[in-house]
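Each chain, letter by letter, is given below.
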Amino acid sequence: MSNMGSYEEKVKNFTWQIAERELGYQPGQVINIGYYCSDRICEMGKGDKLALIWESFSGEIKKYTFEQMRVLTNTIAHYLKKLEIQPGERVCLFMDKIPELYFGFLGILKMGAIAQPLFSAFGGESLFTRLEDAGTRAIMTQKKHLGKVRQIIDNLPQLKYVLVVDDDGSKPLREREIAFGMEKESPVEKFDIYPATAETPSVLHYTSGTTGKPKGAQHVHYSLISQYITAKYVLDLREDDIYWCTADPGWVTGTSYGIIGPWSNGITQCVLDAGFTAERWYKFIQDHKITVWYSAPTAIRALMKEGEAPIKKYDLSSLRHLCSVGEPLNAEAVHWSKNVYGLTFHDTYWQTETGCIMISNYPGMKIKPGSMGKPFPGITATVVDLKTHQPINTPGVVGLIAIRPGWPSMFRTYWNNERTYQNKFVNGWYICGDRASIDEEGYFWFVGRDDDVINTGGHLVGPFEVESALLEHEAVAESAVVGKPDPINMEVVKAFIALKPNYEPNDMTKLDIMNFIRKRLSPLAMPQEIEFVETLPKTRSGKIMRRLLRAKEWGEEVGDTSTLENE
Amino acid sequence: MSDLKEVIRQYVIDEYLEADSDQEITYDTKLISGGIVDSFSMVSLKVFLETKYKIQIPDAKATPEAFDSVNNIAKLLKEFGIE
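What you see is a predicted model, and the numbers here were worked out from it, not measured in a lab. (Residues numbered from 1 in each chain as written. Chains lettered and ligands numbered in written order. Predicted model: local features only at pLDDT ≥ 70, side-chain atom pairs only at ≥ 80, totals over all residues. Heavy atoms only, no water.)

Trainee: Describe the overall build of chain B, and please don't skip the residues or the numbers.
Mentor: A count of helices and strands for chain B gives three helices and zero strands. On C-alpha atoms alone, chain B measures out to a radius of gyration of 12 Å, which is about the 12 Å that the 2.2 N^0.38 rule sets for 83 residues. Looking at the 83 residues of chain B, the share that counts as buried comes to 53%. Split by element, the accessible area of chain B, about 3,900 Å² in all, is 48% carbon and sulfur. Side chains of chain B carry 9 positive and 16 negative charges; the gap between the two charge centres is 9 Å. (Helix = DSSP H or I, 4+ residues; strand = E, 2+ residues; numbered from the N terminus. Rg over C-alpha atoms; globule rule 2.2 N^0.38 Å. Buried < 20%, exposed > 50% of the residue type's maximum accessible area, 1.4 Å probe, protein only. Areas by Shrake-Rupley, 256 points an atom, 1.4 Å probe, with all protein chains shown as cover. Lys, Arg positive; Asp, Glu negative; His and termini not counted. Charge placed at Lys NZ, Arg CZ, Asp CG, Glu CD.)

Trainee: Please give an account of the packing of aromatic side chains that cites residues and values.
Mentor: Residue and element names in this part refer to chain A. As enumerated under the stated definition, the model contains 39 aromatic pairs over all chains in all. Judged by centre distance (4.4 Å) and plane angle (35°), the rings of Y79 and F180 are tilted. One end of the pair, Y79, is in helix α4 (residues 66-82); the other, F180, is in the loop between β7 (177-179) and β8 (201-207), and 101 residues separate them in sequence. For the residue pair Y79 and F180, the accessibility class agrees, reading buried in each case. Here the guanidinium or amino end of K215 rests over the ring plane of Y414, the centre of that ring lying 5.2 Å away. (Phe/Tyr/Trp six-rings, centres within 6.5 Å; stacked < 30°, edge-to-face > 60°. Lys NZ or Arg CZ within 6 Å of the ring centre and 35° of its normal.)

Trainee: Kindly report on the sheet that holds strand β10 (residues 242-245) of chain A, identifying the contributing residues and their values.
Mentor: Residues and elements named next belong to chain A. Reading across the sheet, the nine strands line up as β2-β1-β11-β10-β12-β13-β14-β15-β16 and stay open at both edges, with mixed pairing between neighbours. The open sheet is flanked by β2 (61-65) and β16 (374-375), the only strands paired with a single partner. In terms of strand pairing, β10 meets strand β11 (residues 268-273) through three bridges, oriented parallel. Counterpart to I242 in the pairing with β11 is T268. Of the strands in this sheet, β1 (50-56), β2, β10, β11 and β12 (292-295) touch helix α10 (residues 278-288), which is tilted by about 150° from β11. (Pairing = 2+ DSSP bridges. Contact = heavy atoms within 4.5 Å. Axes fitted to C-alpha atoms, helices over the stretch in contact; angles between N-to-C directions.)

Trainee: Which residues make up the packing of helix α11 (residues 297-306) of chain A against helix α13 (residues 331-341) of chain A, and what are the values?
Mentor: Residue and element names in this part refer to chain A. The contact between α11 and α13 brings their axes to 11 Å, and the two run at 55°. In terms of their interaxial angle, α11 and α13 are classed as oblique. Between α11 and α13 the crossing geometry is left-handed. Within the contact between the two elements, α11 uses I300, L303 and M304 and α13 uses E332, A333, W336 and Y341. Here the residues of the contact of α11 with α13 are counted per class, giving six nonpolar, no polar and one charged. (Parallel < 35°, antiparallel > 145°, perpendicular 65-115°, else oblique. Left-handed = near helix turned anticlockwise from the far one by under 90°. Nonpolar A, V, L, I, M, F, W, Y, C, P; charged D, E, K, R; others polar.)

Trainee: Give me the lowdown on the environment of R520 of chain A, citing residues and values where you can.
Mentor: Residue and element names in this part refer to chain A. Counting through the fold element by element, R520 comes out in helix α16 (residues 507-520). Residue classification places R520 among the partly exposed residues on the basis of a relative accessible area of 29%. Linking R520 and W251, residues 269 residues apart in sequence, is a C-alpha distance of 19 Å. Among residues more than four places away in sequence, those in contact with R520 are G123, G124, E125, S126, A469 and E472.

Trainee: With reference to specific residues and values, describe α11 of chain A.
Mentor: Residue and element names in this part refer to chain A. Across the 10 residues of α11, eight count as buried, placing the element largely inside the fold. Among all positions of α11, only P297, T298, A299, I300, R301, A302, L303 and M304 are buried. Buried residues in α11 make contact with α10, β12, β13 (321-324), α13, β14 (345-349) and β26 (490-499). Just past α11, the residue G307 takes up positive phi, approximately 80°.

Trainee: Provide a residue-level description of the pattern of salt bridges, including the pertinent values.
Mentor: For the coordinates displayed, the defined rule picks out 45 salt bridges over all chains. With its nearest N and O atoms 2.9 Å apart, the salt bridge here joins D168 of chain A to K143 of chain A. You can see D168 of chain A sitting in the loop between β6 (161-164) and β7 and its partner K143 of chain A sitting in the loop between β5 (138-141) and α7 (146-152), a full 25 residues away along the chain. For K143 of chain A, a relative accessible area of 28% translates into the label partly exposed. The salt bridge partner of D59 of chain B is K46 of chain B, with a shortest N-O separation of 3.5 Å. Of this pair, D59 of chain B sits in the loop between α2 (42-53) and α3 (70-78) while K46 of chain B sits in helix α2, placing them 13 residues apart in sequence. You can call K46 of chain B buried: its relative accessible area is 15%. (Salt bridge = Lys/Arg side-chain N within 4 Å of Asp/Glu carboxyl O.)

Trainee: Outline α10 of chain A, listing residues and values.
Mentor: Along α10 of chain A, the residues classified as buried are A278, R280, W281, Y282, F284, I285 and H288 of chain A. Once α10 of chain A ends, the next one or two residues include K289 of chain A, with phi positive near 50°.

Trainee: Which residues make up the layout of surface pockets, and what values do they have?
Mentor: Residues and elements named next belong to chain A. In this structure, the second largest pocket occupies an estimated 790 Å³ of space. Sorting the residues of the lining of the second largest pocket by element identifies β22 (444-449), β25 (476-486), β26 and α17 (546-554) as the ones contributing at least two each. Ranked by residues supplied to the lining of the second largest pocket, first place goes to α17 with five residues. A class-by-class count of the residues in the lining of the second largest pocket yields 10 nonpolar, four polar and 14 charged. (1 Å grid on protein atoms, 1.4 Å probe; cavity = no way out; pocket = protein on both sides within 12 Å on 5 of 7 lines; lining within 4 Å. Points joined across faces, edges and corners; volume = space filled by probe spheres on them.)

Below, the structure written as structure tokens:
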């Protein structure tokens, strides 16, 4: 029997108070995620239980109990407080998946600041945009990423401290840079945890939109309620599980279900700080006897590409439950996992803004391969008409996925951008920006994004951000960026580029532009394909008609072209 | 062959390491599983090899394992007659 039991029964009887009761929380009381993920687990008598098993790319392994984690997160919180970081100020985590990232996250929350995790592969410009918008006060980073911080720090006067977590003294640090080794500091056994209440801001995760700069989705400590109970019911985490979430905490999955969900449940989790290869991943599952595995369709399809040969080399019999997130999981991948692992990947759907799983397939519930599943108990979800935003009651008709606001982990605003936040709500629904239909049995079926945002490997890339960066390349006159179908990543970034005179449309120019974007923004934003064009399709008012280019890539009808400049 | 490996090694150092990085790259250093070149950036490395050596590497052969070290890449290029 799974933790959830019967889905239908749970839908009838569920309230968020179930999670509040299990966590011993009552409305109005203090609720600090940092406490719930470490101190509370120790108070429950599980201090000696392993919280984290970490393995580096070179095979080095480090293990930490909940008690060790409690003290290390205290130590980080104490140090930040000593620097006079104030509650509510933003502290960025810009690191690979090393223990300092995970413990830094909880340490920041324990002292009342807002954790701002950013993907360590971001280039200087992506980093700058997000630090500037958030008015970030301090950043925790590694030696290897210090160069990117140094490129931009002169234009970030509000950034007071750069904490280098692995400084070895081999190179001199500069002004504002501090060597901080969490295990070199005197351990702080007792720390007065910040008395956060339900609506105290906790985490700021940046996400991309069609236009404008990336937006910071701000979450609060009360999000714990949803993250705890969804981790328990959807991921089905149990006392003796060894759990592996492959997501990087630079993205929301890596914090909601790579930190808060499992640790508030007192679960041992593993982290592999290494790039993807099928054999390395399978060996990791075998070596650590992983039981619950939460990954992404991109990774699953990459594993499919490698075939069954590597699977046969490893003992994967410890696995008992598999889940997936980031983009729709195609039916073929669901069938494949059943065939090769003897287990079905359970697709889950949610967003940076929702903070926790909204629609999912559950252990024990019939899976329709390719379907998103059904709304989590306590979540009211529907699809609404594209124009009227009224709920669609006819099965199979495509509309926009909409959620009734009020679940605990719903974002509370976009940082510095309340107007855009308010625009996400229409007729009393939060509009997710994705299209889907619902069948006769209440299963949701994903259709696609309702805007130009590109979902590549489960990460959102805003075309405007890439186009703006492309214009900074000396050879680019103008560009349009769209998503192109991809068998592994669902979509990849494709750029249509018109060059300035005297620049040759050859492979070297392509490579130079690709590397320019990779370093400036991130590898995710780098165009995987570049097509040189003489001109771009524009409206008579001069606006680039991105949708025509996208339709061409997807083999779709181009629709109304009456406003096209050269029609 | 050693010239070829050196060209690839130097390209990895120039393009995928931070300017002031002190990380050493040998012919055996794990590039993909070691997190130096991620799966997205692997595409730019593939385009570099295709442009430099005037070949087309089919997607089926461009696996993380095949790109996981300078030695592995050199072995892959050998299949295209590049040594």
